[in-house]
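Now for the letters of each chain:
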Amino acid sequence: MKRSKKNVPKGYDSWLEYDLAKQLKRCNYHPDKIEYTQVRMYEPDFVFEEYGFTTFIEVKGRFRTRDEARKYVDVRNSLGKNETLVFIFQNPHTAMPFARKRADGSRYTMAEWAKKNNFEYYSPDTVPPMWSRKK
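Now for a look at the structure at hand. (Residues numbered from 1 in each chain as written. Predicted model: local features only at pLDDT ≥ 70, side-chain atom pairs only at ≥ 80, totals over all residues. Heavy atoms only, no water.)

**Examining the pattern of salt bridges**
Side chains bearing opposite charge may pair, as long as their charged atoms lie close to each other.
Thinking step 1. Tallied over the full model, the rule gives three salt bridges.
Thinking step 2. When the shortest N-O distance is used, the salt bridge between aspartate 74 and arginine 70 registers 3.0 Å. Of this pair, aspartate 74 and arginine 70 both sit in helix α2 (residues 66–77), four residues apart, roughly one helical turn.
Thinking step 3. The class for aspartate 74 is partly exposed, based on a relative accessible area of 40%.
Thinking step 4. What makes arginine 70 partly exposed here is its relative accessible area of 46%.
Thinking step 5. Note that arginine 102 is salt-bridged to glutamate 112, the shortest N-O span being 2.9 Å. Of this pair, arginine 102 sits in the loop between β3 (83–89) and α3 (110–116) while glutamate 112 sits in helix α3, and the two are 10 residues apart along the sequence.
Thinking step 6. Taking relative accessible area as the criterion, arginine 102 reaches 33% and is therefore assigned partly exposed. (Salt bridge = Lys/Arg side-chain N within 4 Å of Asp/Glu carboxyl O. Helix = DSSP H or I, 4+ residues; strand = E, 2+ residues; numbered from the N terminus. Buried < 20%, exposed > 50% of the residue type's maximum accessible area, 1.4 Å probe, protein only.)

Listed below in structure tokens is the structure:
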């Protein structure tokens, strides 16, 4: 049988793994998944603090990559119970990077992404007034 990426035996990711599975008889192949965390630093554009709650505000003209959008989900997931991350989108209807056209001609937008991922978002015209008032 000719070996190619297309005809790798079912259940294996590569021919190398298949060959090693035959050799490593006392090892289990793909038995578990291990959750891992990468520690990174995030610097919010603005921070609003009031009544013991902290709101991190990220201002976006657009997302440049899918990975950038994923980063904000990870940041949100690392926040404490009295912390939240919200967005101010220059235009919430801007298409996400690499968004394909739908049958109706529209594309997946930053607003749709925010809603799907349970983020609050605003545009420059809808910013909460409390963020603008002086103490």
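**Remarks on a nonpolar patch on the surface**
Thinking step 1. A cluster of nonpolar side chains, namely Leu16, Leu20 and Leu24, defines an oily patch on the protein surface of about 270 Å² accessible area.
Thinking step 2. With respect to the helices and strands, the residue leucine 24 is situated in the loop between α1 (15–23) and β1 (46–50). (Patch = residues over 30% accessible without salt bridge, like charges linked within 9 Å, V, L, I, M, F, W, Y side chains within 5 Å. Areas by Shrake-Rupley, 256 points an atom, 1.4 Å probe, with all protein chains shown as cover.)

**As for the side chain of glutamate 58**
Thinking step 1. Within the secondary structure layout, glutamate 58 lies in strand β2 (residues 53–60).
Thinking step 2. The buried charged residue glutamate 58 lacks any salt bridge, with lysine 60 as its nearest oppositely charged partner at 4.0 Å.
Thinking step 3. Excluding its chain neighbours within four sequence positions, the residues that come into contact with glutamate 58 are Tyr42, Glu43, Pro44, Asp45, Tyr72, Leu85, Val86, Phe87 and Ile88. (Lys, Arg positive; Asp, Glu negative; His and termini not counted. Contact = heavy atoms within 4.5 Å.)

**Side note on the packing of aromatic side chains**
Thinking step 1. For the structure on display, the rule yields 16 aromatic pairs.
Thinking step 2. Judged by centre distance (5.9 Å) and plane angle (45 degrees), the ring pair of phenylalanine 63 and tyrosine 72 falls under tilted. The two residues phenylalanine 63 and tyrosine 72 agree in class, both being buried.
Thinking step 3. Aromatic side chains phenylalanine 87 and tryptophan 113 sit 5.6 Å apart centroid to centroid with 80 degrees between the ring planes, which places their arrangement in the edge-to-face category. Note that phenylalanine 87 is positioned in strand β3 and tryptophan 113 in helix α3, a separation of 26 residues in sequence. (Phe/Tyr/Trp six-rings, centres within 6.5 Å; stacked < 30°, edge-to-face > 60°.)

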